[in-house]
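# Architecture at a glance
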Amino acid sequence: MLNAIMKKGNAALMAGMTLLFCAMSPSAQAASGAFEYTRADRQGNVTFEDPANACRTLSTGNGAINVSNRTDTVATLYKFDDCRAEGEIATVAARGGTWPSGPTLVVAHAVKFG
């Protein structure tokens, strides 16, 4: 009987540790700092603070034509709003990295941190 109780206790412990590990996953963490972009419609800039390490659409102003990444995390820009790999445009360094869309005016529609 004691053996059965210990097996159940070990299973509960492992389940708890798995839950804790998943909760601490880097994808759930937030980048620290500000991310700013120039709206593609050229009607100003949009800034957000401490973004989550997940795909985020840049829908205000129909996307971004220039970005400034002042977070502590690398930002990857995408031409599709679902951050699919084949739409990757550029990787913007943390702590001051910038991305100009250039003379062809490539528009970024999403960003992912981490």
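Keep in mind the model is a prediction, meaning the values are calculated, not measured.

## A few points about the pairing of strand β4 (residues 64-71)
- In terms of burial, β4 is largely enclosed, as 6 of its 8 residues are buried.
- As judged from the 7 bridges shared by strand β1 (residues 33-39) and β4, these two strands associate in the antiparallel manner. Bridging from a neighbouring strand, E36 pairs with S68 of β4.
- Bridging between β4 and strand β7 (residues 97-100) involves 4 bridges; their strand directions are antiparallel.

## Examining the packing of aromatic side chains
- The final tally for this structure, using the stated rule, is 3 aromatic pairs.
- Between F48 and F113, the aromatic rings sit 6.4 Å apart at their centres with planes inclined by 90 degrees, giving edge-to-face as the arrangement. With F48 in strand β2 (residues 45-49) and F113 in strand β8 (residues 110-113), this residue pair connects regions lying 65 residues apart in the sequence.
- On the basis of relative accessibility, which here comes to 2%, the residue F113 falls in the buried class.
- Members of the aromatic cluster, each reached through a chain of ring pairs, are F35, F48 and F113.
- Positioned above the aromatic ring of F48 is the side chain of R56, whose terminal nitrogen or guanidinium carbon lies 3.6 Å from the ring centre.
- The ring of F80 is capped by R84, whose NZ or CZ atom sits 3.9 Å from the centre of that ring.

## Looking at the pairing of β1
- Of all the 7 residues making up β1, 5 are buried; the element is thus mostly covered by neighbouring parts of the structure.
- Pairing of β1 with β2, which is carried by 5 bridges, proceeds in the antiparallel orientation. In the sheet register, Y37 faces β2, and the bridge partner there is V46.
- Here β1 folds back onto β2 in antiparallel fashion, the turn holding 5 residues, of which R42 has a positive phi close to 60 degrees.

## Focus on the side chain of S68
- Tracing the chain through its elements places S68 in strand β4.
- At 3.3 Å, the side chain of S68 forms a polar contact with the side chain of R70.
- Residues contacting S68, with those up to four places away along its chain left out, are A34, F35, E36, G97 and T98.

## Some thoughts on the confidence of the model for the protein chain
- In this model, the protein chain carries a mean pLDDT of 83, and residues with pLDDT of at least 70 account for 75%.
- Contacts of residues 15-27 to residues separated by more than four positions or lying in other chains number 4 contacts, the stretch itself having pLDDT below 50.

## Comments concerning the sheet that holds β4
- An order of β2-β1-β4-β7 is seen for the 4 strands of this open sheet, with the pairing classed as antiparallel. The open sheet has two edge strands with one neighbour each: β2 and β7. The average angle at which neighbouring strand axes cross in this sheet is 10 degrees, direction not considered.

## What about the state of the cysteines?
- For the structure on display, the rule yields 1 disulfide.
- The residue that forms a disulfide with C55 is C83, at a sulfur-sulfur distance of 2.0 Å. Since a negative S-S torsion denotes a left-handed disulfide, the C55-C83 link at about 85 degrees is right-handed. Taken as a pair, C55 in strand β3 (residues 55-57) and C83 in the loop between β5 (75-78) and β6 (88-92) lie far apart in primary sequence, 28 residues in all.
- With a relative accessible area of 7%, C83 lands in the buried category.

Analysis parameters
- Residues numbered from 1 in each chain as written.
- Predicted model: local features only at pLDDT ≥ 70, side-chain atom pairs only at ≥ 80, totals over all residues.
- Heavy atoms only, no water.
- Buried < 20%, exposed > 50% of the residue type's maximum accessible area, 1.4 Å probe, protein only.
- Helix = DSSP H or I, 4+ residues; strand = E, 2+ residues; numbered from the N terminus.
- Pairing = 2+ DSSP bridges.
- Phe/Tyr/Trp six-rings, centres within 6.5 Å; stacked < 30°, edge-to-face > 60°.
- Lys NZ or Arg CZ within 6 Å of the ring centre and 35° of its normal.
- Polar contact = N/O pair within 3.5 Å; in protein donor to acceptor, adjacent residues only side chain to side chain.
- Contact = heavy atoms within 4.5 Å.
- pLDDT = per-residue confidence, 0-100.
- Axes fitted to C-alpha atoms, helices over the stretch in contact; angles between N-to-C directions.
- Disulfide = S-S within 2.5 Å.

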